[in-house]
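Spelled out from the first residue to the last, the chains are:
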Amino acid sequence: MNNTLDKLEKIASFYEELLASDLSLLSDDEKGTLREKKELLRKQVAEDRVRSDLIEKDSYPLEIAIVGSFKTGKSTVLNSLLGDEIVGMDVPPATAKVTTIKYGDEIGFFGVDKDDHLADIAHQDYIRLSTHSYGSDMKKKAKTQEQDYKRFEVRYPLDCLRKLHIMDTPGFSSESTSDDDVTKAAVANADVLLWVFDANRGSVSKEELDLLKKLTDNCSENTRICGIINRIDNIPTTEIPRVIEGFKKSLKGIIDRLVIYSGKEVLDMKKQSKAWEASLAELMDSMQKHCSEGRSVQATVSPSFISAQISFTNKTILDRKFTGIGCQDDYGFTNLSGVLEDWRKQSANIKGTLLRKSSAESLKEEKKALGGFIKQMKSISVELKGGISKTKKSVDSSAKKLSESIDGLGAELKEKLVTELRGKTDQREEVTHFWNNGYRVKVDMEDLEKIVNKHFGSFSKKVLSAAKTFDVLLGNEWRNGLDSDIELYSTLLEQTSESSLASVMYVFDNWTEVPHNRIDELNNIPLVLDGCIADELLVLLTQVLLKNRIEQVVENTANWTKTTVQIINELVSKAEATLNAC
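Residues numbered from 1 in each chain as written. Predicted model: local features only at pLDDT ≥ 70, side-chain atom pairs only at ≥ 80, totals over all residues. Heavy atoms only, no water.

### With respect to the overall build of the protein chain
- Scanning the protein chain for helices and strands turns up 17 helices and 16 strands.
- Every one of the 582 residues in the protein chain was classed for burial, and the buried ones make up 43%.
- Taking as baseline every contact in the protein chain between residues at least 6 positions apart, the subset at least 24 positions apart corresponds to 78%. (Helix = DSSP H or I, 4+ residues; strand = E, 2+ residues; numbered from the N terminus. Buried < 20%, exposed > 50% of the residue type's maximum accessible area, 1.4 Å probe, protein only. Contact = heavy atoms within 4.5 Å.)

If you want it as structure tokens, here you go:
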């Protein structure tokens, strides 16, 4: 069993390592799901270790729910098992919410809220909050208080509670209409139902039989039912066989055992037993003291009493008698205790088998999931490796088409500028000479800047539209800021003078539109020309900008792919090692 849990722990550790890795392929949702899975697996392993240890030490607690119709003495039966008045018994009030009693080194009372947080409360507050009260003022108060805690827990230093967890429930058919639902929900996973009947009623009512049948339908197939004929002390001795036979006949085939019982008498018996033990301890201390001083001691012990006489030189100095339990009939307590212990061992064996099976199935599922992860990561790694070379080929092809498209847009820009401006510029021979040679020149002309701005802006928009074809290959983030970069070029080049333009021309070897031997021609007529309209330079800079951007994105993608593949390979190796170890 522990070997299986160790393997599940290793898988949980791998999940934790996976979450701590730099694997960017995992989305936030996937990481959240993986984190939740890891935490649930860790919680399962921790809980299963505790259960396994309890089973191994024969200390697995039996989950007992005390149920039955209203006012049959359920809380008194529970208190009789504990030997003290822990839960409220008086009528009214009556149990309103489920209380689970467990072992604790000290007595403690806790309210449990909707988030399963425990709050320490006083005993009297527990009695008040956990019970119904049907007075007009108290009823309203109780309903308000019921919203505070969904259930209660009591911790008690009683050895039997190391092996028993006992639930006190509201029961059925009480004055609170919600009690039935509270009880049904609470007992769904109980190992044993102690169904308390009132012996004074003489038999099982049809309502109780119907409730029993409905309740067993909602319980586990391993749940045992023990019928408790409570308050048997109220039945005349001669009538007890008839009462027992009536209950047996009604409950045949429905319950597993039937025990006659008196919660009140058992509780009183246990209280006497505590007093008996205290008196005996006191007597033994006194006897030991006097014996140490050389006194003579005579003592008589029987099932019903203990007496002692201490004398010194024929003079009696202590003569006391203590009455103990003093009865052979323990009102069904021994019988019930034996039944519960037998069922506890059987239940522990069943749960041990189910626990081993559940852990083995969990391990099988986790190994399958881990194998699926390995297969998925290997597939992604292969796809990434092949994808980068395919991307480069696709990018080269698309970049060539984009460049051709920009060339065409540049030619279109040139044609539109020439067409619109040629007829509006100065018709002097010098200016006409430049137009005839395909140059775009700036001269004094109304709306010239507006015309240039319009066509430069149109060019920029068309380039951006053409660049979107790369989104499929590179994602749309690669275009972030591209529009502002091209706009900057447009603005700068619209304002370029002939001198600064000439300086820029020297930088580009492929600038052929205005060769060096013609630049002087521009400088020789400064009074006529304000400068050149640098549309070719705009096209060229745009080409360079896009080329550099595309190359940078491809390089970044290649680097990311290389790093991601390396991380994947490392995780796959660790996953395979974990899988082999499991």
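Now, onward.
### Thoughts on the sheet that holds strand β4 (residues 108-112)
- The sheet built from nine strands is open, its strands ordered β5-β4-β7-β3-β8-β1-β9-β10-β11 with mixed pairing. At either margin of the open sheet sits one strand with a lone partner, and together these are β5 (118-121) and β11 (257-260). The mean angle between the axes of side-by-side strands here comes to 25°, regardless of whether they run parallel or antiparallel.
- Bridge count between β4 and β5: four bridges; the pairing is antiparallel. Of the residues in β5, the one forming a bridge with Val 112 is Leu 118.
- Where helix α3 (residues 74-82) meets the sheet, its contacts fall on β1 (62-68), β3 (99-103), β7 (151-156), β8 (164-168), β9 (192-198) and β10 (224-230), and the angle it forms with β8 comes to roughly 160°.
- Running at roughly 160° to β11, helix α8 (residues 240-251) makes contact with β9, β10 and β11 of the sheet. (Pairing = 2+ DSSP bridges. Axes fitted to C-alpha atoms, helices over the stretch in contact; angles between N-to-C directions.)

### Looking at the confidence of the model for the protein chain
- Averaged over every residue, the pLDDT of the protein chain is 79; residues scoring 70 or more account for 73%.
- Overall, residues 134-140 carries pLDDT values under 50, and its contacts beyond four positions in sequence, including any with other chains, amount to five contacts.
- Note that pLDDT drops below 50 for residues 324-328; the model gives that stretch 11 contacts with residues more than four away or on any other chain. (pLDDT = per-residue confidence, 0-100.)

### What to know about the side chain of Asp 191
- Locating Asp 191 in the fold gives a position in the loop between α6 (179-186) and β9.
- According to the relative accessible area criterion, Asp 191 is buried, its value standing at 8%.
- At a separation of 2.8 Å, a polar atom in the side chain of Asp 191 contacts the side chain of Lys 351.
- Every residue in contact with Asp 191, bar those within four places of it in the chain, is listed here: Pro 61, Leu 62, Glu 63, Asn 222, Thr 223, Arg 224, Ser 347 and Lys 351. (Polar contact = N/O pair within 3.5 Å; in protein donor to acceptor, adjacent residues only side chain to side chain.)

### Some words on the packing of aromatic side chains
- Using the criterion set out here, one finds eight aromatic pairs in the structure.
- Ring geometry for Phe 14 and Phe 373: centres 5.7 Å apart, planes at 70°, overall edge-to-face. You can see Phe 14 sitting in helix α1 (residues 2-20) and its partner Phe 373 sitting in helix α10 (residues 333-422), a full 359 residues away along the chain. With respect to burial, Phe 14 and Phe 373 carry one shared label: buried.
- When the ring of Phe 470 is compared with that of Trp 478, the centres are 5.7 Å apart and the planes differ by 55°; the resulting orientation is tilted. (Phe/Tyr/Trp six-rings, centres within 6.5 Å; stacked < 30°, edge-to-face > 60°.)

### Some words on helix α12 (residues 448-467)
- For α12, which comprises 20 residues, the first-to-last C-alpha distance of 29 Å matches the rise-based estimate of 28 Å (1.5 Å per residue) to within 8%.
- Residues Leu 448, Ile 451, Val 452, His 455, Phe 456, Phe 459, Ser 460, Val 463, Leu 464, Ala 466 and Ala 467 constitute the buried set of α12. (Expected span 1.5 Å × (residues − 1).)

### Some words on the nonpolar core
- With 35 residues, the main nonpolar core has Leu 81, Ile 166, Leu 194, Ile 228, Tyr 261 and Leu 336 as its most contacted residues.
- When neighbours within four sequence positions are excluded, Leu 194 is seen to be in contact with Ile 64, Ala 65, Ile 66, Val 67, Leu 81, Cys 226, Ile 228, Leu 336 and Leu 340.
- Judged by nonpolar contacts, the second largest core, of 34 residues, contains Leu 464, Leu 474, Leu 482 and Leu 545. (Core = buried A, V, L, I, M, F, W, Y, C linked by side-chain atoms within 4.5 Å.)

### Brief notes about the packing of α10 against α12
- Between α10 and α12, whose axes approach to 10 Å, the crossing angle comes to 165°. The pairing of α10 with α12 is recorded here as roughly antiparallel in orientation. Once α10 is placed against α12, the crossing between them reads as right-handed. Listed contacts from α12 to Leu 402, Ser 405, Ile 406, Leu 409, Gly 410, Glu 412, Leu 413, Lys 416, Leu 417, Glu 420 and Leu 421 of α10 are Ile 451, Val 452, Lys 454, His 455, Phe 456, Phe 459, Lys 462, Val 463, Ala 466 and Ala 467. (Parallel < 35°, antiparallel > 145°, perpendicular 65-115°, else oblique. Left-handed = near helix turned anticlockwise from the far one by under 90°.)

### Observations concerning helix α7 (residues 206-218)
- In this model α7 runs 19 Å from its N-terminal to its C-terminal C-alpha over 13 residues, within 8% of the 18 Å that 1.5 Å per residue would give.
- For α7, the complete set of buried residues consists of Glu 208, Leu 209, Leu 211, Leu 212 and Leu 215. With its buried residues spanning 165° around the axis, α7 presents them on a single face. Every exposed residue of α7 that faces more than 90 degrees away from the buried side is listed here: Lys 206, Lys 214 and Asp 217. (Arc of directions from axis to C-beta.)

### Quick word on the packing of α1 against helix α17 (residues 535-581)
- For the pair α1 and α17, the least separation of the axes is 9 Å and the interaxial angle reads 170°. Classed by the angle they form, the pair α1 and α17 counts as roughly antiparallel. Contacts between α1 and α17 pair Lys 7, Lys 10, Ile 11, Phe 14, Glu 17 and Leu 18 from the former with Leu 571, Lys 574, Ala 575, Thr 578 and Ala 581 from the latter.
- When grouped by side-chain class, the residues that make up the contact of α1 with α17 number six nonpolar, one polar and four charged. (Nonpolar A, V, L, I, M, F, W, Y, C, P; charged D, E, K, R; others polar.)

### Looking at the environment of Leu 18
- Along the chain, Leu 18 falls in helix α1.
- A relative accessible area of 3% places Leu 18 in the buried class.
- Taking the C-alpha atoms as reference points, Leu 18 and Lys 31, separated by 13 residues in sequence, lie 9.2 Å from one another.
- With sequence-adjacent residues up to four places away left out, Leu 18 is seen in contact with Leu 23, Leu 26, Leu 34, Phe 373 and Leu 571.

### Details of the pairing of β1
- The buried fraction of β1 amounts to six of the seven residues, a majority that puts the element mostly inside the structure.
- Sheet topology places β1 next to β9; five bridges connect them, and they run parallel. Counterpart to Ile 64 in the pairing with β9 is Val 192.

### Brief notes about unusual backbone geometry
- Even without being glycine, Asp 116 reaches a positive phi, approximately 65°.
- Relative to the assigned elements, Asp 116 resides in the loop between β4 and β5.
- Positioned with a positive phi, Arg 231 is a non-glycine residue whose angle comes to about 65°.
- Relative to the helices and strands, Arg 231 is located in the loop between β10 and α8.

### Here's the deal with the pattern of salt bridges
- Taken as a whole, this structure holds 29 salt bridges when the rule is applied.
- Here Arg 49 ties to Asp 6 by a salt bridge, and the two come within 2.7 Å at their closest N and O atoms. Taken together, the residues Arg 49 in helix α2 (residues 28-56) and Asp 6 in helix α1 connect sequence positions 43 residues apart.
- One salt bridge connects Arg 549 with Asp 485, and the closest N-O pair in it is separated by 3.2 Å. Here Arg 549 is found in helix α17, whereas its partner Asp 485 is found in helix α14 (residues 482-494), with 64 residues between them in sequence.
- A residue is classified by how much of its surface remains accessible, and Asp 485, at 26% relative accessible area, is partly exposed.
- Taken together, the shared-partner salt bridges connect Lys 102, Arg 151, Glu 153 and Arg 155 into one network. (Salt bridge = Lys/Arg side-chain N within 4 Å of Asp/Glu carboxyl O.)

### Some thoughts on the environment of Asp 396
- Relative to the helices and strands, Asp 396 resides in helix α10.
- In this structure, the C-alpha to C-alpha distance between Asp 396 and Ile 550, residues 154 residues apart in sequence, is 9.4 Å.

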